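One-letter residues, chain by chain:
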Amino acid sequence: MTEPLVSLPTTDEEWRVRLSPDEFRVLRRAGTEAPWSGEYVDTKADGVYRCRACGAQLFDSTTKFDSHCGWPSFDDAIPGTVKEIEDRSHGMVRTEIRCARCDSHLGHVFRGERMTEKNTRHCVNSLSIKLDPR
């Protein structure tokens, strides 16, 4: 399960070679996939979710929950793997989450919704992650 992390591209051209056009749009341009369209929305498999861009471990499947929002949701990230950045796009203030290793866009984190005991929802694009089953 613990495969070595790959070296990181340094230019958009290198990222475009590594990622599909949809992955590039989400991971490198902070895009969003359509709700309910991602492969991991309803996945219940045991494992670790890695960054699709660099392979870093981000979320354990034990923290995944059904939020019914249209995207995979996790109430916790593996410590130190996700960074938070204020996002003022689309006329609102949100907190964007990015991979701490390669700075790729993952989605947004929301707090105070009372969906879990941790009161946190990391709302993640399926295109940003890849399940490494146990």
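Worth saying up front: this structure is predicted, and the values here are computed from it rather than measured.

### Things to note about the side chain of glutamate 23
Here glutamate 23 lies in helix α2 (residues 21-27). A polar contact of 2.9 Å, which involves the side chain of glutamate 23, links it to the backbone nitrogen of serine 20. Only 3.3 Å separates the side chain of glutamate 23 from the side chain of arginine 52, close enough to count as a polar contact. When near neighbours in sequence (up to four residues on either side) are disregarded, glutamate 23 contacts Arg28, Arg52 and Leu127.

### What to know about the UniProt feature "domain: MsrB" (unreviewed entry) in the chain
If you check UniProt for "domain: MsrB" (unreviewed entry), the listed places come out as residues 12-134 in our numbering. The distance from the first to the last C-alpha atom of residues 12-134 is 33 Å, and the span holds 11% helix and 34% strand.

### Overview of the packing of aromatic side chains
The geometry of an aromatic ring pair is captured by two quantities: the separation of the ring centres and the angle between the planes. Per the stated rule, a full pass over the model turns up 3 aromatic pairs. Where tyrosine 40 meets tyrosine 49, the ring centres are 5.4 Å apart and the plane angle is 85 degrees; that geometry is what we call edge-to-face. Measuring from centroid to centroid gives 4.4 Å for phenylalanine 59 and phenylalanine 74, while their planes differ by 15 degrees, and the two rings are stacked. On the criterion of sequence distance, the pair formed by phenylalanine 59 in strand β2 (residues 57-60) and phenylalanine 74 in strand β4 (residues 73-74) is long-range, its members being 15 residues apart. Through successive ring pairs, a cluster of aromatic residues spans Tyr40, Tyr49, Phe59 and Phe74.

### Some words on the pattern of salt bridges
On inspection of all chains with the given rule, the structure shows 15 salt bridges. One salt bridge connects arginine 88 with glutamate 86, and the closest N-O pair in it is separated by 2.6 Å. We classify glutamate 86 as exposed; its relative accessible area is 53%. Its salt-bridge partner being arginine 121, residue glutamate 113 comes within 2.7 Å of it at the nearest N-O pair. Residue classification places glutamate 113 among the partly exposed residues on the basis of a relative accessible area of 33%. Where salt bridges share partners, they join Lys83, Glu96, Arg98 and Asp103 into one cluster.

Reading the values: rules and limits
- Residues numbered from 1 in each chain as written.
- Predicted model: local features only at pLDDT ≥ 70, side-chain atom pairs only at ≥ 80, totals over all residues.
- Heavy atoms only, no water.
- Helix = DSSP H or I, 4+ residues; strand = E, 2+ residues; numbered from the N terminus.
- Polar contact = N/O pair within 3.5 Å; in protein donor to acceptor, adjacent residues only side chain to side chain.
- Contact = heavy atoms within 4.5 Å.
- UniProt positions renumbered as here; feature names shortened; annotations may be inferred.
- Phe/Tyr/Trp six-rings, centres within 6.5 Å; stacked < 30°, edge-to-face > 60°.
- Salt bridge = Lys/Arg side-chain N within 4 Å of Asp/Glu carboxyl O.
- Buried < 20%, exposed > 50% of the residue type's maximum accessible area, 1.4 Å probe, protein only.

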